[in-house]
Every structure is written in C-alpha cells, then in structure tokens.
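# Reading the structure
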Amino acid sequence: MTETPSHPEDPSEGGPTGASEGTEGGAGNRGGGKGPRKGGRGPAGRAGAGRQAAYVVDAPLTTPSPSPGLVEVFRHRYLLRLLVRREIQARYSGSFLGLLWSYINPLSQFLIYYVVFGIIMGRNSVEAYAVHVFCGLVVVHFFTETFNAGTRSIVRNKALVRKMAVPKEMFPVASMLVSLYHVLPQVVILVVVCLFYGWTPDPLVPVALLLALAIVTCLATALAIVFSAANVFFRDFSSVVSILTNVVRFGVPMIYPFRDVASKLGDTLAAVYLWNPIADAVLLVQRAFWVGATPDPEASAATELPDHLWAYGGVMLVVSAVSLVLAQLIFRRLENKIPERLT
Amino acid sequence: MSFPESTSIVVENVSKEFTLRYQRTFKQVTVAKMRGEATKSRFKALDDVSFTVEQGESIGLMGLNGSGKSTLLTLINGVMRPDGGRVLTRGRIAGLIATGAGFHPQLTGRENIYLNAAVCGMTEKETDAKFDEIVDFASIGKHLDSQVGNYSSGMYARLGFAVAVNVDCDIFLADEALAVGDKPFKRKCLDKMQEIRDSGRTIFYVSHAAGSVRKMCDRVLVLENGRLGFDGPVDEGIHYVKYDSDDEDNDDDELGADV
Ligand SMILES: Nc1ncnc2c1ncn2[C@@H]1O[C@H](COP(=O)(O)OP(=O)(O)OP(=O)(O)O)[C@@H](O)[C@H]1O
Ligand SMILES: [Mg+2]
C-alpha cells in the first residue's frame, strides 16, 4: 500500500507543457497516494519525496523570474494579445459612443488646428492645408498616445505586476499596440480625404508610410519603456511626459510647413530640426499623402520637402532602433525594484 | 552545484532587503536632510534563508505577521529577485498569491477567466479545455457574463480561486487564500488543494491555522523576523510557533474559519 506503483513517464515529453502529462499520471496515482500521505504525516513526513516517484516534472531547474527584454514579451504573444484587447475594450466600456471616441479625439484636434491656424490665422499659403495637418496629426497622435499611456502602464497594472511574474515590458508594449490599433483607421480616413483632393498614389507611398510608422513605433516604445519604469519611482514622470508631448506638437511641421523652418531658421538650424525623428516621420507621411494631394506634386516635393528626406528617414530609423535597445538596458537596471516600490 | 531530478524548489542563502522611506516629496526630504534626520533605512525582510523542497512535498509556511512569508513566496513565484543568494524552481508555478490579479472590473467574468488564465501561463487551448471546470468550480451562475466589478468580494475571490486551482502547475503556492468565501466554498477549496497535493504537485501553503496546516502539510517551515527558525515535521513545527495549545479541540469545525 505504501509505495505507489510508479507510472513510468517518458521524460522526453515536452518541457513546461509536459505538465499536463504529469498531472494525468498524478491523477491516476491519487487513490494510492492518499494512503501513505496520511500515515506519513508527522515525524516521518519529510520522507515525502520518495512516494511521488510517479510525478516527474520534465523541466529544468531555473530561476522563476522571467528573463528580461522584448524577445520575452513576444514569446508571451497570447497574453499580450489579451492585454491589448482588454485595454481596447476597457477604455471605452460604459461609454455610449465607445470606440468612436478614438476618432472624435483626433478629429477635434484636427478641427481646432484647421480653424485656428488655417482659417483664422490664414495659412492659405499652404496647399491642401487640411491634409497637411492631418498627416502630422496621425503621427503625433500615435506618438503621444503611446508615450502617455505607456508611461502610466506599469503603475496602472500594479495588481498584476506585484503578483505575477510576467515580463514587465509587456505593459508599455501593449500600450503601443493599442495606439497602433487606432492609427490604421486614421490612415484610411487620410486616404479618403486625399482622394477627395485628387491624390494620385505612387509606389513609394507604402514605403514612406511604413518607414514613418517604424520610426515612431521604435522611438515611442523606447520612451514608454524607460518612463514606465521611472514613473514607478516618482509619479512626477507622468506629468513631465504630458509636457513633453505638448512640445512635440509644435516641434514637427504639422501646423506650419517645413519650408518656413528652412527659410526662417536658416539651413543649419533646419538640419538640427531634422534630427527630430518625429519631424522626419511627419515629413515622410506628408511625402506619402500630402504632396500627391497638392495641385502640382512635383513642385511641392521640390520646394516643401527637405533634401535627402529618405536618408534622414533611414538614419532616424537606426537611431530609434538603437534607442529601443538602450531603453531595454535602462529598464533592466530599474526593473528589479519595481514590484516592491509599487504600493 | 547540481540537484537531483526530484528537486522542486531550491532556496539558497536568500536574503531580501527592503528600503523604508519616511519621506517622499522633495520638500519633506529637504527638510529632513537639513535637520540631519534619516530619510530612509534598510531592513532585511529575509535573511540567509536556505532549504530545498522535493517534488510532491507539501510545505506549511508559518510565522508571525511581518516575518517574511509573503516575501518568500514572491521570490519563489519570481515576481521579485533575491538581493543575495538564489532561488531555483522546476516547472510551472501557479497559486493563490494572486487570486484575481489582473481581473479587470469592466470586463465580464468570462473574459476575465481567459485573461487570468493567460497570466498564469495557460495557452488558449488549455483554457478552452478547462473552461467548464473553472466555471463549475466558481459556481457564480448567471453572473458569468456580467461585469466583474459588480461581483461581491466573495464571488470575486471564487472566480480567482477557480482559475488558480485549475492551472496545470507543478508548484502550487497559497498565501492565506481563503480569507473570504463562505464555508461550503472553503471546504471545497481545501478539498481541491488536497487533491492537488495528492496528485504529486509541490505545495507551499501559508497559514495561521494549525488545523488546516496539519491536514494539508507534511513539513513545516517557520520564519522568525526573516530567518528560518524551524524546518521539520508538522506537529513539532506547530508546537514551535505555539499554535497548538488553543485550537486543538475546535480543529475540524473551524477548519476554514481562520485559514
Ligand atoms: N514593498 C515593501 N517595501 C518595504 N517593506 C516591505 C515591502 N513588502 C514587505 N515589506 C516588509 O517586509 C516584512 C515582511 O512582510 P511579509 O508581507 O513578507 O510578511 P508576512 O510574513 O507575509 O506577514 P503576514 O502574516 O501579515 O502576511 C514586513 O515588515 C513588511 O513591512
Ligand atoms: Mg503575508
């Protein structure tokens, strides 16, 4: 009665997922296992291990903490997907207009910029001004949403972070994906508006758009990762980020054309201006949509866009990707103290 | 150092230090610094704790409030890393540290089950397979498709518990899990935990109730101010923490009352 007949388990069966096999083996063992346990309680209790020969865990003995880094995040794809879906659902649950708010918000900003700068302050010198602004807004909105929501993400999910061993970069990345999810319909609206302006697409449109999105994705995720950790230690950082994102709106050629930057600041400062990756992303989107919507695309491309825009775009993609790597290194140093500082 | 196949948890010279901060704002810190007061101090919540656990053992972790039990579980769970020493575990870990962690009040019970199971490391397929069992265990009936925010705290706990006990894990951690919940549910939970134990999984059970530790465990660890004060058989362990005198007689009845 005492020794449970051991169920020989094939040790080659799967790693952690092999647990289900192990459980089945254990379940068969249940009736027999109970007897010796009760008898074995008390002073002899420590002999516990020998009785459980049937239950073999075929996994290595490792540290229970998840390994850091973005690679780990994408190994938890399923959880990431659920988190993103939860975020999207929860953000608008209980509101009557629901998901529509994610359009009303950028649309209202668009109207403000269009009415104030386009009509009242008379920026009529810019052709297809509405498209010009909207191109900028798609990029800026994606960036600021990721940066703002990402910065708060770990603190907001503290119930999870304090109790479960999930890679913590998961939360800023989920914020980025939620924002990205809202970008796509905006691009559709942009295309429709452009067609209304007589836009003729060229093969470089998707290249420019994807390059711009890649730059913003990398940079915004990098910033969100660093600031989400910093925000755990001092909540001041979320206020800093609100200010920064306000500055971003005016640091890109959205409400004013790039041509004015070059002519009013001079060539040197314009070159410095172009070291802002968000500005390049906006220009790339304008290259994709706005230029084609102006009456004379050839002339607009020549006068409105900076020389070497593609080169700038490529360099900025590299810069953003490097910053994403740096962000993970910084995050790794802060990460250890996060659970205990989240109160 | 190598360990045999049957080792489930290794805790080796582990210590964990927390920083206590007395002031947080800039103004308070400046004032305190000018007066020469300390603005923070460090203390060891865990101090050089070592033990190993074989697969299939069920450990009762006891100790007074603040002795470091929950801290030790978070280290084993992998949420925190030790400041000194190392923690090694084998297989998937689940448990009742986190009943309802990640429950989102605005989502329905059903959606939350999937989310919580994913947080515990289950795949979509595994959750699908276990779904009926989970719902059955929680027995929250028609509330399954309503928002979790409107649940009573007991129902909330039941749902979390139901997910946790149905995760296919190799190591099961329980930290004073049954504080809420009505009596039939507590009994059901203890039965389920015994079932988990008997299936050969390692159990780590934190409790102040001598009765249920006696029922559940075959080894007791006692923490005293972050140090491992006792490691051995159940009855001696309960004697060590002096919990054996008062509840000898009402043991069975009060089984779950102060789990
Ligand atoms: N994040 C933290 N920051 C600072 N101190 C902490 C933190 N977490 C726990 N402590 C301290 O560590 C000590 C041990 O706490 P812990 O929660 O492990 O105790 P416990 O044994 O679980 O107690 P209880 O029986 O009340 O649950 C306590 O003194 C507690 O104040
Ligand atoms: Mg505790």
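Residues numbered from 1 in each chain as written. Chains lettered and ligands numbered in written order. Predicted model: local features only at pLDDT ≥ 70, side-chain atom pairs only at ≥ 80, totals over all residues. Heavy atoms only, no water.

## As for the overall build of chain A
This is how it is decided: Each helix is a run of DSSP H or I of at least 4 residues and each strand a run of E of at least 2, with the numbering of both proceeding from the N terminus. Each residue gets one of three labels from its accessible area relative to the maximum for its type: buried under 20%, exposed over 50%, partly exposed in between, using a 1.4 Å probe on protein chains only. Note on definitions: a residue-residue contact is assigned when non-hydrogen atoms from the two residues lie within 4.5 Å. Exposure was quantified through the Shrake-Rupley algorithm and a 1.4 Å probe, taking into account, for residues, occlusion by the shown protein chains and nothing else.
On a plain count of helices and strands, chain A comes out with 16 helices and one strand. When each of the 343 residues of chain A is scored for burial, the buried share is 52%. Sequence separation of 24 or more characterises 80% of the internal contacts of chain A that already satisfy a separation of 6 or more. Accessible surface, chain A as shown: approximately 15600 Å² in total, 67% of it carbon and sulfur.

## A look at the side chain of A:His132
For A:His132, the location among the structural elements is in helix 7 (residues 129-156). Beyond its immediate sequence surroundings of up to four residues, A:His132 is in contact with A:Val126, A:Pro253, A:Met254, A:Tyr256, A:Pro257, A:Gln286 and A:Trp290.

## Focus on the nonpolar core
One broad rule of soluble globular proteins: the nonpolar side chains tend to lie buried together. Threshold: Grouping buried Ala, Val, Leu, Ile, Met, Phe, Trp, Tyr and Cys residues that are joined through side-chain atoms within 4.5 Å yields what is termed a nonpolar core.
Ranked by internal contacts, the top residues of the largest apolar core, which has 142 residues, are A:Leu190, A:Phe289, A:Ile338, B:Phe172 and B:Tyr205. The element contributing the most residues to this core is helix 10 (residues 204-233) of chain A, with 18 residues. Counting 26 residues, the second largest nonpolar core, distinct from the first, contains B:Leu46, B:Leu73, B:Leu75 and B:Leu173.

## Looking at the UniProt feature "transmembrane region" (unreviewed entry) in chain A
Put simply, the test is: UniProt positions are given in the numbering used here, feature names are shortened, and annotations may be inferred rather than shown by experiment.
Under the local residue numbering, the UniProt record ascribes the feature "transmembrane region" (unreviewed entry) to residues 96-117, 129-150, 171-199, 205-230, 237-256 and 309-331 of chain A. Helix makes up 100% of residues 205-230 of chain A and strand 0%. Its end C-alpha atoms lie 37 Å apart.

## Structural notes on the sheet that holds strand 6 (residues 171-175) of chain B
Residue and element names in this part refer to chain B. The line we're drawing: If DSSP finds at least two bridges between two strands, the strands pair. Orientation is described by lines fitted to C-alpha atoms, with helices fitted over the stretch in contact, and by angles between N-to-C directions that extend from 0 to 180 degrees.
The strand order 5-6-7-3-8-9 describes an open sheet built from six strands, whose pairing is mixed. Each edge of the open sheet is held by one strand with a lone partner, namely strand 5 (93-95) and strand 9 (227-232). Each adjacent strand pair in this sheet contributes to an overall mean axis angle of 20 degrees, direction not counted. Both strand 3 (residues 58-63) and strand 7 (residues 202-206) contribute to a ladder of four bridges, which runs parallel. Bridged to Leu61 within strand 7 is Val206. Of the strands in this sheet, strand 3, strand 5, strand 6, strand 7 and strand 8 (219-224) are in contact with helix 2 (residues 69-77), which crosses strand 6 at around 155 degrees.

## Brief notes about the sheet that holds strand 1 (residues 7-21) of chain B
Taken together, the four strands give an open sheet; going across it, the order is 1(A)-4(B)-1(B)-2(B), and neighbouring strands pair in antiparallel fashion. Looking at which strands have only one partner, the edges of the open sheet turn out to be strand 1 (61-62) of chain A together with strand 2 (40-54) of chain B. Of the strand pairs in this sheet, strand 1 of chain A and strand 4 (residues 84-90) of chain B are connected by two bridges, and their pairing is antiparallel. The partner of A:Leu61 across the bridge, within strand 4 of chain B, is B:Arg90. Contacting strand 1, strand 2 and strand 4 of chain B, helix 2 of chain B runs over the sheet at an angle of about 120 degrees to strand 1 of chain B.

## Observations regarding a positive patch on the surface
Note the following rule: Surface patches are drawn from residues lacking salt bridges whose relative accessible area is over 30%; two like charges belong together within 9 Å, two nonpolar side chains (Val, Leu, Ile, Met, Phe, Trp, Tyr) within 5 Å. Only one rule defines a salt bridge in this text: a Lys or Arg side-chain nitrogen within 4 Å of an Asp or Glu carboxyl oxygen. We count Lys and Arg on the positive side and Asp and Glu on the negative side, and we leave His and both chain ends out. The location of each charge is read from NZ of Lys, CZ of Arg, CG of Asp or CD of Glu.
On the surface, A:Arg235, B:Arg21, B:Arg24, B:Lys33 and B:Lys40 cluster together to form a positively charged patch. By secondary structure assignment, the location of B:Lys40 is in strand 2.

## Considerations on unusual backbone geometry
Residue and element names in this part refer to chain B. Backbone geometry at Asp48 places phi at a positive 55 degrees, although glycine is not the residue there. Locating Asp48 in the fold gives a position in strand 2. A positive phi angle is found at Ser139, which is not glycine, with a value near 35 degrees. The residue Ser139 is located in the loop between helix 4 (124-138) and helix 5 (153-166) in this model.

## Structural notes on the interface of chain A and chain B
Filter applied, for reference: Once two parts are brought into contact, the accessible area they lose, counted with a 1.4 Å probe and summed over both, makes up the buried area. Counting of polar contacts relies on pairs of N or O atoms within 3.5 Å, with two restrictions inside protein: one atom must be capable of donating a hydrogen and the other of accepting it, and residues adjacent in sequence are counted only when both atoms are side-chain atoms. Ten residues, namely Ala, Val, Leu, Ile, Met, Phe, Trp, Tyr, Cys and Pro, are considered nonpolar, four, namely Asp, Glu, Lys and Arg, are considered charged, and the remaining ones, Gly among them, are considered polar.
In this complex, chain A contributes 55 residues to the contact, which on the side of chain B involves 65 residues. Each partner contributes to the roughly 5200 Å² buried at the junction of chain A and chain B, and carbon and sulfur atoms together form 55% of this total. For the interface between chain A and chain B, the tally reads four salt bridges. Our count for the contact surface shared by chain A and chain B stands at eight residue pairs in polar contact (both at pLDDT 80 or more). Looking at the side of chain A that touches chain B, the element that brings in the most residues is helix 5 (residues 77-92) of chain A, giving eight residues. Of the residues assigned to the side of chain A that touches chain B, the class counts are 26 nonpolar, 14 polar and 15 charged.

## Digging into the site of ligand 1
Heads up, the rule is: What makes a residue near a molecule or strand is one non-hydrogen atom of that residue sitting within 4 Å of it.
Around ligand 1 there are 14 residues in total, and B:Asn65, B:Gly66, B:Lys69, B:Ser70 and B:Thr71 lie nearest to it. Flanking ligand 1 are residues from chains A and B. One of the backbone nitrogen or oxygen atoms of B:Gly68 is found 3.0 Å away from an oxygen atom of ligand 1. Here an oxygen atom of ligand 1 sits 2.6 Å away from a polar atom, N or O, in the side chain of B:Thr71.

## Remarks on the environment of B:Gly200
All names here are of chain B. You can see Gly200 is positioned in the loop between helix 6 (183-198) and strand 7. Taking relative accessible area as the criterion, Gly200 reaches 0% and is therefore assigned buried. Put simply, Gly200 and Ile171 are 29 residues apart on the chain and 9.6 Å apart in space, counted from C-alpha to C-alpha.

## Looking at the packing of aromatic side chains
Test applied: Here a Phe, Tyr or Trp ring, Trp counted by its six-membered ring, pairs with any other such ring whose centre lies within 6.5 Å, and the pair is stacked when the planes are under 30 degrees apart, edge-to-face when over 60, and tilted otherwise. Whether a charge lies above a ring is judged from NZ of Lys or CZ of Arg, which has to be within 6 Å of the ring centre and within 35 degrees of the ring normal.
All chains considered together, the criterion is met by 16 aromatic pairs over all chains. Here A:Phe258 and A:Tyr273 contribute two aromatic rings whose centre-to-centre distance is 6.1 Å and whose plane-to-plane angle is 45 degrees, an arrangement assigned as tilted. Comparing A:Phe258 with A:Tyr273 shows no difference in burial state: the two are buried. With a centroid separation of 6.0 Å and an interplanar angle of 5 degrees, the aromatic rings of B:Phe137 and B:Phe161 are classed as stacked. Here B:Phe161 lies in helix 5 and B:Phe137 lies in helix 4, a separation of 24 residues in the sequence. Like B:Phe161, B:Phe137 is buried. The rings of A:Phe110, A:Tyr114, A:Tyr129 and A:Phe134 are connected pair by pair, giving a single aromatic cluster. Of note, B:Lys188 hangs over the ring of B:Phe137, and the distance from its end group to the ring centre comes to 5.0 Å.

## Observations concerning the packing of helix 4 of chain B against helix 5 of chain B
To characterise two packed helices, one gives the angle between the axes of the helices and the distance between these axes. Residue and element names in this part refer to chain B. The line we're drawing: For this classification, under 35 degrees means roughly parallel, over 145 means roughly antiparallel, 65 to 115 means roughly perpendicular, and everything else is oblique. Crossing handedness is read from the near helix: turned anticlockwise from the far helix by less than a right angle, it gives a left-handed crossing, and turned clockwise, a right-handed one.
Where helix 4 contacts helix 5, the axes come no closer than 8 Å and their chain directions differ by 140 degrees. As the angle between them shows, helix 4 and helix 5 are arranged oblique. Like other packed secondary-structure pairs, helix 4 and helix 5 cross with a definite hand, here right-handed. Counting all contacts with helix 4, which are made through Lys130, Glu133, Ile134, Phe137 and Ala138, the residues of helix 5 involved are Arg158, Leu159, Phe161, Ala162, Val163, Val165 and Asn166. Here the contact of helix 4 with helix 5 is built from residues that sort into eight nonpolar, one polar and three charged.

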